[in-house]
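Structural features, examined
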Amino acid sequence: MASNGAPGPQDGVKAPPYEGTTLADLPKSWTFTSSLPNDPRHANPAESHATPREQFLPRQVHGALYTWVRPEGAEDPELLAVSPAALRDLGIRADEAQTETFLQVVSGNKLLGWDEESGEGGYPWAQCYGGFQFGAWAGQLGDGRAISLFETTNPATGVRYELQLKGAGLTPYSRFADGKAVLRSSIREFVVSEALHSLGIPTTRALSLTLLRGSRVARERVEPGAIVLRFAQSWLRLGSFDLLRTRGDRVLIRQLATYVAEEVLGGWEALPGRLANPEAPTDGEVPRRGVKKDEIEGPSEVEENRFARLYREVVRRNAETVAQWQAYGFMNGVLNTDNTSVMGLSLDFGPFAFMDNFDPSYTPNHDDSLLRYSYKNQPTIIWWNLVRFGEALGELLGAGAGVDDPVFVSEGVTKEKEKEIVARAESIIMQTGEEYKATFLKEYRRLMCGRLGLKTYRESDFDQLFSSVLDIMQELELDFNLFFRRLSGLKLSEISTSQERRAKASLFFYKEGVRLVREDDARVRISEWIELWRQRIVDDWGENGSVSEERDAERSAAMKAVNPNFIPRGWILDEVIQRVEKKGERDVLDRVMHMALHPFEDTWDSREFDGVEYKGDAEEEARWTKDVPESVRSLQCSCSS
Ligand code: AMP
Ligand code: MG
């Protein structure tokens, strides 16, 4: 666990050997369904189970947060790949993935924890939520093709996850679509979930990828279908609240908010108050991750209750996550409120991408002509979504100390209290907005210090090193992530004179050179920045103004440990998809997953991982970590998946 309790890269990757158990023996719970109201159409699991599968058709569901519905099941499924890190984090034994039970569970053919004969046990469900899509209210959405199976708590870590199948068939929330997922988008989600996790970025996870052999799913063309078993501590989204708000369902908003506080975010006691002095970066200290108790002030000048603390926590988590996306050049591509997690997880992977050549206006979403979900807009958009969340919590935030007053609880806002409640809610949202910015910037500074190898932070670094290097990358069209990786490997002894620095500048060019600027000018621009950076490294790592070779090697290793050598870029995923779908390859999935789970290595083939020698493909590794070929840079995807 990272120090703030968020999952970190170490969780799944370098943990000691573990035992784990079988899927059948995994401790299971159904906290979500036993705490929250179900769709009245299917009063209980036994009734749902007795309903013919084809009767689960799209419709509006009111007064409920989910419907009991089982996966459709699949003829002839083939398990294509599993994430070893996911097995470990769930506490499943490694050899379990080879069993028939595993295949039948991850393809939706076998339910665990449900006893058909007695009609007892926990039952699968699909969530009901809504969302603002591209800024417009879209009404009821919900899990249109995802069906949750059960929750399990890993006894070794105490973390509870909810397991769900994506692409498991129609639910009442499928709207006009088919409840299926195609292999192409399933490969993308499977790999990126685990890649983000290994970079230390909060995200939903993926355990397995299953091909539904013989299935034909109609998209722009007919494609094979697949199911990803994905898992998260919670699948609740801001859109879960939006739907209740537009329906005026104040009782359920309160119930769901209470559930999120108590069951998802660690209990009311764990939720923070107002941040003390959120703006203050101090020279010298690299910001820490998360918010520590001593940074939290008591009551603010506005009367705040526990729901304000809940709001602040959700906002802060999302602020940190979006800072991570910006620092690593990740774009979700469809940041609608139904794809924004109450836990601040990266969620719902459609047309996502990692940045190739740095362009703040780039969006991976082919259909996003207004660039709403472009790289540079992500922080603003997440805040826009969080304001909608503030509005959904509005009367709870605004009620202040009167939030538990029986008249307020049963009647809501009275005419004479209305002004006061609105004003209070607004000021809490505004003030939390300041915290959002401060939390974002703090996390962004921390990550950029790490990526640049700085051990201290100075206010001047923000402009002189962070912003200026982005300007250079944009102007010269340099690859964002390769820049940091290549900088990590540069030795200080190779850049001590301006001549050397200019010579080394081409390390950051694509192999065909720079396009928009004369090459000499490009070398000057980069070498001037390198000199500023070099001086800061000497300040942070040197003794008496110089850095020994050993210290410089330490610096290089520290940088490599946070600057990935491998990221699953669009073109790599496209290649993997082609090879799996068209050429029937399978092992390539294990290899891409292995690289995604160990992104900071220089090489993978024939090296030892977790005590076992790994057989990779050195040629492929080299190709996937070099320059992105020109014709496949900055690819875009459509939403159809
Ligand atoms: P997304 O843009 O993927 O977040 O999806 C928006 C909404 O459409 C969610 O409620 C999804 O469950 C639903 N949806 C997307 N694709 C499908 C599909 N093939 N079948 C059923 N529902 C879908
Ligand atoms: Mg979605």
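All figures in this text were calculated on a predicted structure; none of them were measured in a lab.

1. A word on helix H20 (residues 587-597)
Among the 11 residues that make up H20, 9 are buried, leaving the element largely enclosed by the rest of the structure. The set of residues buried in H20 consists of Val588, Leu589, Arg591, Val592, Met593, His594, Met595, Ala596 and Leu597.

2. Section: the coordination of the magnesium ion (ligand 2)
Asn339 (OD1) and Asp348 (OD) make up the full set of protein donors to the magnesium ion (ligand 2), lying at 2.0 to 2.1 Å. On the accessibility criterion, asparagine 339 (9% relative accessible area) is buried.

3. Describing the nonpolar core
Counting residues in each nonpolar core, the largest one holds 183 residues, and the members touching the most others are Phe241, Leu310, Trp529 and Trp533. It is helix H9 (residues 306-328) that provides the largest number of residues to this core, a total of 12 residues. Those residues within four positions of tryptophan 533 in sequence are excluded, and the remaining contacts are Leu452, Leu465, Leu487, Leu492, Ile495, Arg555 and Met559.

4. Brief notes about the site of ligand 1
In the neighbourhood of ligand 1, 17 residues make up the surrounding shell, with Gly142, Gly144, Arg175, Gly179 and Asn339 lying closest. At 3.3 Å from a nitrogen atom of ligand 1 is found a side-chain nitrogen or oxygen belonging to arginine 145. A distance of 2.9 Å separates an oxygen atom of ligand 1 from a polar side-chain atom of arginine 175. Split by domain, the shell around ligand 1 shows at least three residues from each of two domains, domain 1 (31-235) and domain 2 (241-450).

5. Re the packing of aromatic side chains
Scanning all chains against the criterion turns up 33 aromatic pairs. Pairing phenylalanine 566 with tryptophan 624 gives two aromatic rings, centres 6.3 Å apart and planes at 40°, and the pair type is tilted. Placement of phenylalanine 566 in the loop between helix H18 (549-560) and helix H19 (570-581) and of tryptophan 624 in helix H21 (residues 618-625) is noted, with a sequence separation of 58 residues between them. On the accessibility criterion, phenylalanine 566 (1% relative accessible area) is buried.

6. Looking at the pattern of salt bridges
Working definition: two side chains of opposite charge can pair if their charged atoms are close together. Inspection of every chain in the model, using the stated rule, returns 60 salt bridges. Of the charged contacts, one joins glutamate 72 and lysine 180 as a salt bridge, the two residues approaching to 3.1 Å between their closest N and O atoms. Placement of the pair is glutamate 72 in the loop between strand S2 (66-68) and strand S3 (77-82) and lysine 180 in the loop between strand S10 (160-166) and strand S11 (181-182), with a sequence separation of 108 residues. Its relative accessible area of 36% is what places glutamate 72 among the partly exposed residues. A salt bridge links glutamate 395 to arginine 250; its shortest N-O distance comes to 2.8 Å. Of this pair, glutamate 395 sits in helix H11 (residues 394-398) while arginine 250 sits in helix H8 (residues 250-264), placing them 145 residues apart in sequence. For arginine 250, a relative accessible area of 22% puts it in the partly exposed group. Sharing partners across several salt bridges, the network here consists of Glu575, Arg579, Glu585, Arg591, Glu619, Glu620 and Arg623.

7. What to know about unusual backbone geometry
Not every positive phi belongs to a glycine, and phenylalanine 134 is a case in point at roughly 50°. Mapped onto the secondary structure, phenylalanine 134 falls in the loop between strand S7 (130-133) and strand S8 (136-140). Relative accessible area serves as the criterion here: at 35%, phenylalanine 134 is assigned to the partly exposed category. Although it is not a glycine, aspartate 610 adopts a positive phi angle of roughly 50°.

8. Focus: the domain arrangement of the protein chain
Entries for the protein chain in the domain assignment read domain 1 (31-235), domain 2 (241-450), domain 3 (465-560) and domain 4 (571-632). Facing 9 residues of domain 3, the contacting portion of domain 4 comprises 8 residues. For the domain 3 face of the interface with domain 4, the top three residues by lost area are Arg485, Tyr510 and Lys560, together amounting to 48%. For the pair domain 3 and domain 4, the number of links is 3 salt bridges. Put simply, arginine 485 and aspartate 602 hold a salt bridge, and the shortest N to O gap is 2.8 Å. Run the count over domain 3 and domain 4 and you get 6 residue pairs in polar contact (both at pLDDT 80 or more). With 3 residues, the top contributor of residues to the side of domain 3 that touches domain 4 is helix H15 (residues 480-489).

9. Some words on the side chain of asparagine 563
Tracing the chain through its elements places asparagine 563 in the loop between H18 and H19. A distance of 3.1 Å separates polar atoms of two side chains, one belonging to asparagine 563 and the other to serine 488. Setting aside anything within four residues of it in sequence, one finds asparagine 563 in contact with Arg451, Phe484, Arg485, Ser488 and Phe600.

10. Some thoughts on the packing of helix H14 (residues 459-476) against helix H17 (residues 519-541)
Look at H14 against H17: their axes get within 11 Å of each other, and the N-to-C directions meet at 155°. The angle between H14 and H17 falls in the class roughly antiparallel. Seen along the crossing, H14 lies across H17 with a hand that is left-handed. Residues Asp461, Gln464, Leu465, Ser468, Val469, Asp471, Ile472, Glu475 and Leu476 of H14 form the contact with H17, whose own contacting residues are Ala522, Arg525, Ile526, Trp529, Leu532, Trp533 and Arg536. Of the residues that constitute the contact of H14 with H17, the class distribution is 9 nonpolar, 2 polar and 5 charged.

11. What about the environment of glutamate 391?
By secondary structure assignment, the location of glutamate 391 is in helix H10 (residues 378-392). When its relative accessible area of 30% is taken as the criterion, glutamate 391 is described as partly exposed. When the C-alpha atoms of glutamate 391 and alanine 425 are compared, they prove to be 8.1 Å apart, with 34 residues separating the residues in sequence. There is a polar contact of 3.4 Å between the side chain of glutamate 391 and the side chain of arginine 245.

12. Remarks on the confidence of the model for the protein chain
Looking at the protein chain, pLDDT values average 94 and 95% of them are 70 or higher. Counting contacts from residues 1-13, a segment whose pLDDT is below 50, to residues more than four positions away or on other chains yields 31 contacts.

13. What to know about the pairing of S3
Counting buried residues along S3, 5 of its 6 residues qualify, which places the element largely inside the surrounding structure. Both S3 and strand S12 (residues 205-218) contribute to a ladder of 5 bridges, which runs antiparallel. Looking at S12, one finds that valine 82 is bridged to serine 208.

14. Some details on the packing of helix H13 (residues 415-452) against H14
Running from N to C, H13 and H14 point in directions that differ by 80°, and their axes come no closer than 11 Å. Considering their axes alone, H13 and H14 lie roughly perpendicular with respect to each other. For the pair formed by H13 and H14, the contact residues are Leu441, Tyr444, Arg445, Met448, Cys449 and Leu452 on the first element and Phe462, Leu465, Phe466 and Leu470 on the second. Within the contact of H13 with H14, the residues separate by chemical class into 9 nonpolar, no polar and 1 charged.

15. What to know about a negative patch on the surface
Residues Asp115, Glu116, Glu117 and Glu120 make up a contiguous surface patch of negative charge. Here glutamate 116 shows up in the loop between strand S4 (114-115) and strand S5 (120-121).

16. Observations regarding the side chain of serine 198
Summarising the element assignment, serine 198 is placed in helix H6 (residues 183-198). The buried category is assigned to serine 198, whose relative accessible area is 2%. Side-chain polar atoms of serine 198 contact the backbone oxygen of alanine 596, separated by 3.3 Å.

Reading the values: rules and limits
- Residues numbered from 1 in each chain as written.
- Chains lettered and ligands numbered in written order.
- Predicted model: local features only at pLDDT ≥ 70, side-chain atom pairs only at ≥ 80, totals over all residues.
- Heavy atoms only, no water.
- Buried < 20%, exposed > 50% of the residue type's maximum accessible area, 1.4 Å probe, protein only.
- Helix = DSSP H or I, 4+ residues; strand = E, 2+ residues; numbered from the N terminus.
- Donors = N, O, S within 2.8 Å, 3.2 Å for Na, K, Ca; no water.
- Core = buried A, V, L, I, M, F, W, Y, C linked by side-chain atoms within 4.5 Å.
- Contact = heavy atoms within 4.5 Å.
- Near = heavy atom within 4 Å.
- Polar contact = N/O pair within 3.5 Å; in protein donor to acceptor, adjacent residues only side chain to side chain.
- Domains from an automatic or database assignment.
- Phe/Tyr/Trp six-rings, centres within 6.5 Å; stacked < 30°, edge-to-face > 60°.
- Salt bridge = Lys/Arg side-chain N within 4 Å of Asp/Glu carboxyl O.
- Buried area = accessible area lost by both parts, 1.4 Å probe.
- Axes fitted to C-alpha atoms, helices over the stretch in contact; angles between N-to-C directions.
- Parallel < 35°, antiparallel > 145°, perpendicular 65-115°, else oblique.
- Left-handed = near helix turned anticlockwise from the far one by under 90°.
- Nonpolar A, V, L, I, M, F, W, Y, C, P; charged D, E, K, R; others polar.
- pLDDT = per-residue confidence, 0-100.
- Pairing = 2+ DSSP bridges.
- Patch = residues over 30% accessible without salt bridge, like charges linked within 9 Å, V, L, I, M, F, W, Y side chains within 5 Å.
- Areas by Shrake-Rupley, 256 points an atom, 1.4 Å probe, with all protein chains shown as cover.
- Lys, Arg positive; Asp, Glu negative; His and termini not counted.
- Charge placed at Lys NZ, Arg CZ, Asp CG, Glu CD.

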